[in-house]
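Per-entry structural report
Given next are the chains, with one letter for each unit.
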Amino acid sequence: MGRRLHFVFFALGGFSQIAQALLIRELLVSFQGNEISIGFFYGSWLWWIALGGLAAARLDRHRPVLNPAFLVGVILPALPLLLASQMALTRMARFFMALPSSEFIPLGHLAATTFLITLPTGIAIGFLFPLACKILAERREAPITTLYILESLGALAGALLFTFVLVEWLGGWRILWLMTALFGFVGLLLFNPGSPSPAPSPAPSPLVDPSPGSPSPLPFKATSSRWRWLSVGVGCLGLLLSWPPLGSVLEERMEAWRFAVNHPGLSLVGARETRYGHVALARFGDQHSVVTDGRVGESFPDRRRVAGDAAYFFSQGGAPKRILILDGWLGGLGAELLRYPVTGLDVVSQDRLAFEQIRPHLPPETLGALSDPRMQLHFMDGRSFANALTGEERYDLVLVLVGDPASTRQNRYFTRDFYRGLKKGMSETGVLCTRVGSASNYLGREVQSYSGSVFRTLGRVFPHPVVAPGDQHTFCASGKPGVVSQNPDLLQERHEEIDLPEPHPPKDLFHLMLPPRRVAFVHQRLEQEKGEINTDQRPVTFFLNLVLTGKLTASGIGEVLHRLKGMGFWPWLVPPLVWVGLLLVRGWLADEGGRGGGGVAGNRGGGKTDGPVDGRRGNLFKSGALLALAALGFIAMAAQLMVLFGYQAGVGFVFGRIALLNGLFMVG
């Protein structure tokens, strides 16, 4: 039994790691790539594991489990099926919350949904540990620490297998069905027909206490053929569903079902997962849209918008010759800029696999631009590209069009560190332009703080920024005065000097984009905003985006975050300090050792003793031990999240490496 149990827990460690990776990836897609869901996930997951372990210990204390191996064998095949239900519920999260795909998710809804979704497998895995410990304790075949070591090694093996093999060749659901097959047959290892059955109770019913005052045992039979056949059935079902033809069809159907639930009205053209995230291509009439991690991004064709953007950016750049674009080019911006007298256009796209998925459906002008000798397409991370700039590139115009800093991955393109890296490869009069979502008729505290952080951070590296208001705030900045402008007449004059073939953008384009009174008002408010500088170490703009999201979704959490930010570091220390104080007071008051007139040692020795003091001291030591364990868990979890967020900020694809990173933590 010992070796079989060791193998079972090695496999359980691998399953736990793969299950966490699958659920986190599903949550990131459902919650539009917001990594805050990772923190909620780990907190909820460990909470349910703790409750599961507590439930098993309490159950065994009140009604002893005579054959824990049998109960472990029953639970194991159910784990992948529970995980399947969790993945399905995660994909329907927006449906249950009645939130369209275009709406922000309130942080309270995100936390509550994650908390409930992690319940089934969390409780079940936590329930297994005390049962396995009881098996080893009864048989005395190995120390209990062996289980934790094997579970951690299994976690590392599962993480490596998931990261470098399974996720590269199989979809999430086929991985799940393979685990279903594995655990269906692994469960048979614990249905040992040769193990002794519990002795029959002389009582008429097995639920009646065998003797007064003693707990009644749970009547599990080790030789139940029914459970063995059920386990075999689960294993065969997993093999059938993971069979390539059927598994591939199911994977496509589940993907189409998720898209239909979360994006009604759009038709799914194709979807795939890469190490950066989930990318889907949707169609509405003649227009296609790129959906990244559940968020609708670029749409094409949209020639009027693309022509206006190209005219504005080119005019702000003062007739640039060399241009760099980081994302935001699929809709035709790159092709439109090639109509202007440019000598070189470098385009950086981080995800080659996503591009290959979308390429057959791109507009003809974008496909034609790919063969233009002036255009160079680079498949690499934008931050890595910026860090590799040497200064010889001499870009006159840089466009950073990666979307809003609504996640750690996106925020890394709005930091001072990133802007400094880009500046190295720009000319002295070079212009950098970027944009973030805003509100055309609202500039309240949250929008002003959020946009003000971008404006201030950009201005710290390029001292002369300007802003074009609207549903999106478009920022352009230069290190030299007089290059960028908010004067629509000046920009119109610059554009008219360009030898541009037909068709031309509307003549009133710049006056529509830059209404003088609105521009002056927004620019003044943003200059007055004493926003903090957004850096890689302190992602302020990402935090302010969370506050803004809370405001737009009428969530009280956003207001709480805003108030806590203004109060500094100390409010975060109040809850743990209060908890520590209460636990110490509880240990002091729980005078169990001194209630009988003296401590245990004093009564047995017959000598003089400080009974109450010894009892209190013992309870304080116990409380101190619990505090040490709780503090260790708190610090370990905080460190793990810091590493995950730091990895996302520095590298950008925690989506594809979440299992590996967590597996390495488990080994530690």
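This is a predicted model, so every value here is computed, not measured.

**So, the sheet that holds strand 2 (residues 278–284)**
Taken in spatial order, the four strands line up as 1-2-3-4 in an open sheet, and their pairing is antiparallel. What marks the edges here is a single partner per strand, and that holds for strand 1 (267–273) and strand 4 (295–300). Taking each pair of neighbouring strands and ignoring which way they run, the sheet shows an average axis angle of 20°. Packing against the sheet, helix 11 (residues 244–262) makes contact with strand 1, strand 2 and strand 3 (287–292), and its axis sits at approximately 120° to strand 1.

**Thoughts on helix 3 (residues 68–75)**
Side chains three or four residues apart in an α-helix point the same way, a direct result of the helix having 3.6 residues per turn. Most of helix 3 sits inside the fold, with eight of its eight residues counted as buried. Against the buried residues of helix 3 lie helix 4 (78–91), helix 7 (119–139) and helix 10 (225–242).

**Section: a nonpolar patch on the surface**
Residues Leu 160, Leu 161, Phe 164, Val 165 and Trp 169 make up a contiguous nonpolar surface patch of about 530 Å² in total accessible area. Along the chain, the position of Val 165 falls in helix 8 (residues 145–169). On the accessibility criterion, Val 165 (38% relative accessible area) is partly exposed.

**Remarks on the packing of helix 8 against helix 28 (residues 654–667)**
The geometry of helix 8 relative to helix 28 is characterised by a closest axis approach of 8 Å and an angle of 160° between their N-to-C directions. In terms of orientation, helix 8 and helix 28 fall into the roughly antiparallel class. Remark: the crossing between helix 8 and helix 28 carries left-handed chirality. Listed contacts from helix 28 to Glu 151, Ser 152, Ala 155, Leu 156, Ala 159, Leu 160, Phe 162, Thr 163 and Phe 164 of helix 8 are Gly 656, Arg 657, Ala 659, Leu 660, Gly 663, Leu 664, Met 666 and Val 667. The residue inventory of the contact of helix 8 with helix 28, partitioned by class, reads 11 nonpolar, four polar and two charged.

**Re the packing of aromatic side chains**
Applying the stated criterion across every chain yields a total of 17 aromatic pairs. Measuring from ring centre to ring centre gives 4.7 Å for Trp 48 and Phe 115, while their planes differ by 40°; the resulting arrangement is tilted. Residue Trp 48 is found in helix 2 (residues 36–62), and its partner Phe 115 is found in helix 6 (residues 107–117); the two are separated by 67 residues along the sequence. For Trp 48, a relative accessible area of 10% corresponds to the buried category. When its relative accessible area of 31% is taken as the criterion, Phe 115 is described as partly exposed. Ring plane angle 40° and centroid distance 5.9 Å describe the contact between Trp 173 and Trp 177, whose orientation is recorded as tilted. With a gap of four residues between them, Trp 173 and Trp 177 both fall in helix 9 (residues 172–186), about one helical turn apart.

Each value, and the rule that gives it
- Throughout this description, residue numbers start from 1 for each chain and increase along the sequence as written.
- Whole-chain, interface and lining totals are the exception, using all residues; otherwise, since this is a predicted model, local features are given only for residues with pLDDT of at least 70 and side-chain atom pairs are given and counted only at 80 or more.
- With hydrogens and water excluded, all non-hydrogen atoms of the structure serve as input to the side-chain values.
- When DSSP locates at least two bridges between a pair of strands, those strands are taken to pair.
- Think of it this way: any DSSP run of H or I at least four residues long counts as a helix, any run of E at least two long counts as a strand, and we number them from the N terminus.
- In this analysis an axis means a line fitted to C-alpha atoms, helices contributing only their contacting stretch, and an angle means the value between N-to-C directions, from 0 to 180 degrees.
- Contacts: residue pairs with any heavy atoms within 4.5 Å of one another.
- Type-normalised accessible area, obtained with a 1.4 Å probe on protein chains alone, sets the label of each residue: buried when under 20%, exposed when over 50%, and partly exposed for intermediate values.
- Residues enter patches when they are more than 30% accessible in relative terms and free of salt bridges; like-charged ones are connected within 9 Å and nonpolar ones (Val, Leu, Ile, Met, Phe, Trp, Tyr) within 5 Å.
- Shrake-Rupley sampling with a 1.4 Å probe provides the accessible areas, and residues are treated as covered by the protein chains on show and by no other component.
- When a carboxyl oxygen of Asp or Glu lies within 4 Å of a side-chain nitrogen of Lys or Arg, that pair is called a salt bridge.
- Note on terminology: angles under 35 degrees are roughly parallel, angles over 145 are roughly antiparallel, angles of 65 to 115 are roughly perpendicular, and the others are oblique.
- Note on convention: near helix rotated counterclockwise from far helix by under a right angle means a left-handed crossing. Clockwise means right-handed.
- Ten residues, namely Ala, Val, Leu, Ile, Met, Phe, Trp, Tyr, Cys and Pro, are considered nonpolar, four, namely Asp, Glu, Lys and Arg, are considered charged, and the remaining ones, Gly among them, are considered polar.
- In this analysis, rings of Phe, Tyr and Trp, with Trp reduced to its six-membered ring, are considered paired at centre separations within 6.5 Å, and the interplanar angle assigns stacked below 30 degrees, edge-to-face beyond 60, and tilted for intermediate values.

What is shown is where atoms sit, not what they do.
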